[in-house]
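# Understanding the architecture of this molecule
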Amino acid sequence: MPVITNIEDLRILHKKRTPKMFYDYADSGSWTESTYRSNESDFQKIKFRQKVAVNMENRTTKTQMIGQDVAMPVALAPTGLTGMQYADGEILAAKAAEKFGVPFCLSTMSICSIEDVAENTTKPFWFQLYVMKDRGFIERLIERAKAAKCSALVLTLDLQILGQRHKDLKNGLTAPPKLTIPNILDMMTKPAWCLGMLGTHRRTFRNIVGHATGVGNMSSLSSWTAEQFDPALNWSDVEWIKKLWGGKLIIKGILDEGDARLAVNSGADALIVSNHGGRQLDGAVSSIQALPGIVDAVGKDIEVWMDGGIRSGQDVLKAWALGARGTMIGRPFLYGLGAMGEAGVTKCLEIIHKELDITMAFTGHRDIKQVTKDILYPGTF
Ligand SMILES: Cc1cc2nc3c(=O)[nH]c(=O)nc-3n(C[C@H](O)[C@H](O)[C@H](O)COP(=O)(O)O)c2cc1C
């Protein structure tokens, strides 16, 4: 077993242990993947200011996201098909998050259902909603999230149509995978993954199958999205959803200052500056580049969070310094999950926490709540 010291180590293990179609699904962006790449590379351009001879004892990264105590300002982002990266993946990730003290957000397009996760965890988790044409189904989904005592609804607004991801098309991505010769040959090289999958009955989109009526080809994400997701979604639907839900609402997928203002007007509790991890509009600005403008525009009126490109605790600190009061990580936790199941997600959170904590100390701080833009080197952000 290799010594794992950073997120890249987890990515390499994930790639080794998970069938190609699912690894590729995680580690890809749309079209040329330029936004996917700049999400990460724009973080690298931002530099810290080092401070010396300051007391570094008794440090804390604890804060709150929408009034909820968190061990650090990081939540696990909603990701589709997580139970295909590793058997029962959503349950395992939720357990790791719960033990670590950070929020877990379940995707509409998960393999384990809302009920599966609720039955296997003890603290409330968040639920991410995609809006479909069948409004009766959406009403029932929201009722199910309420019944499972989910403590926030994350409404994703940047995926009513699917950004084209070349790898998924070429791999013929489905859940479960079709038993074609190339898929069988690939799976034969991933025996632990196969054993795990044989040991669980959770192998399809369990929030949807058996709950939505008239579902066509459910196994293919792209055709199902094209058939069922509502391309006519607008801000009055957001109002309808807010009323139906009645609890904490988080708007995900904002990159534009005007849209940020509309999110404030919708009465949401937080917004997430996000380009869906570079998986939707290729060529869109990176999340970390969009963040300062949105914080300036609406930071006083709403909690602003961001996701996209975070690969270390240093990135979390940079986002915090630029005004994000919370962050989400997608691929980092998927790499951990694909590498080692629940222990891998825990490892991912430990790595990020340690990097965040040590970097905060080097910049002269002991409490993340005191950290401001001053820790960043002028001219680099
Ligand atoms: C494999 C994968 C699946 C995703 N599925 C969803 C989803 O179902 N719902 C959603 O709102 N966002 C989804 N996202 C976007 C994430 O919530 C998040 O915005 C993104 O992963 C952040 O970028 P990062 O992966 O660089 O951390 C997905 C991302 C990935 C990588």
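About the criteria used
- Residues numbered from 1 in each chain as written.
- Predicted model: local features only at pLDDT ≥ 70, side-chain atom pairs only at ≥ 80, totals over all residues.
- Heavy atoms only, no water.
- Helix = DSSP H or I, 4+ residues; strand = E, 2+ residues; numbered from the N terminus.
- Rg over C-alpha atoms; globule rule 2.2 N^0.38 Å.
- Buried < 20%, exposed > 50% of the residue type's maximum accessible area, 1.4 Å probe, protein only.
- Contact = heavy atoms within 4.5 Å.
- Pairing = 2+ DSSP bridges.
- Right-handed = clockwise from strand over helix to strand, strands pointing away.
- Near = heavy atom within 4 Å.
- Polar contact = N/O pair within 3.5 Å; in protein donor to acceptor, adjacent residues only side chain to side chain.
- Areas by Shrake-Rupley, 256 points an atom, 1.4 Å probe, with all protein chains shown as cover.
- Nonpolar A, V, L, I, M, F, W, Y, C, P; charged D, E, K, R; others polar.
- Salt bridge = Lys/Arg side-chain N within 4 Å of Asp/Glu carboxyl O.
- Axes fitted to C-alpha atoms, helices over the stretch in contact; angles between N-to-C directions.

Attention shifts here to the overall build of the protein. Each helix and strand counted, the protein has 16 helices and 10 strands in total. Since a compact globule built from 381 residues should have a radius of gyration of about 21 Å, the 20 Å found for the protein is in line with a globular shape. With respect to the three principal axes, the spread of C-alpha positions in the protein is 60 × 50 × 40 Å. Within the protein, the fraction of its 381 residues that count as buried is 57%. Residue pairs at least 24 apart in sequence account for 74% of intrachain contacts in the protein once pairs closer than 6 positions are excluded.

The two faces of the sheet receive side chains in turn, since in a regular strand these alternate between them. Residues of strand S5 (residues 126–129) alternate between two faces, with Trp126 and Gln128 on one and Phe127 and Leu129 on the opposite face, all of them buried. Note: strand S4 (residues 105–106) against S5, 2 bridges, orientation parallel. What sits directly across from Cys105, in S5, is Trp126. In this region the chain leaves S4, passes through helix H6 (residues 114–119) and returns to the parallel neighbour S5; the handedness of that crossover is right-handed. One ladder, built from 4 bridges, connects S5 with strand S6 (residues 152–156); its direction is parallel. Each residue of the ladder has a partner; that of Trp126, found in S6, is Ala152. Where the polypeptide runs from S5 across helix H7 (residues 135–147) and back to S6, its parallel neighbour, the crossover connection is right-handed.

Neighbouring residues of the ligand: 24 residues in total, closest Pro78, Ser107, Tyr130, Thr156 and Asp307. Within the side chain of Ser107, one N or O atom sits 2.7 Å away from an oxygen atom of the ligand. A distance of 2.8 Å separates a nitrogen atom of the ligand from a polar atom in the side chain of Tyr130. The fraction of the free accessible surface of the ligand (600 Å²) that becomes covered by protein chains is 99%. Of all elements in the fold, only helix H2 (20–26) and helix H16 (331–362) reach the threshold of two or more residues within the shell around the ligand. Broken down by element, the shell around the ligand gets its largest block of residues, 3 residues, from H16. Here the shell around the ligand is built from residues that sort into 8 nonpolar, 11 polar and 5 charged.

Moving on, we come to the pattern of salt bridges. Pairing between side chains of opposite charge can happen when the charged atoms of each approach one another. For the structure on display, the rule yields 18 salt bridges. Residue Asp24 pairs with Lys20 through a salt bridge whose shortest N-O separation is 2.7 Å. On the criterion of helical spacing, the pair formed by Asp24 and Lys20 is a turn pair, its members being 4 residues apart in helix H2. On the basis of relative accessibility, which here comes to 9%, the residue Asp24 falls in the buried class. For Lys20, a relative accessible area of 46% translates into the label partly exposed. Across the pair Glu40 and Arg311 runs a salt bridge, and its minimum N-O distance is 3.3 Å. Linking Glu40 in helix H3 (residues 34–45) with Arg311 in the loop between strand S9 (303–307) and helix H15 (313–321), this pair joins segments that are 271 residues apart in sequence. Classification of Glu40 as partly exposed rests on a relative accessible area of 29%.

The strand order across the open sheet formed by 8 strands is S3-S10-S9-S8-S7-S6-S5-S4, and the pairing between neighbours is parallel. Lying at the two open borders of the sheet, with one neighbouring strand each, are strand S3 (74–76) and S4. In this sheet, strand S10 (residues 326–329) lies alongside S3 in parallel orientation, the contact comprising 3 bridges. Bridging from a neighbouring strand, Ala75 pairs with Met328 of S10. Set on the sheet, helix H12 (residues 235–245) makes contact with S5, S6 and strand S7 (249–254); between it and S7 the angle comes to about 150°. Contacting S7, strand S8 (270–273) and S9, helix H14 (residues 287–298) crosses the sheet at an angle of about 175° to S9.

By themselves, these are just geometric observations and shouldn't be taken as functional.
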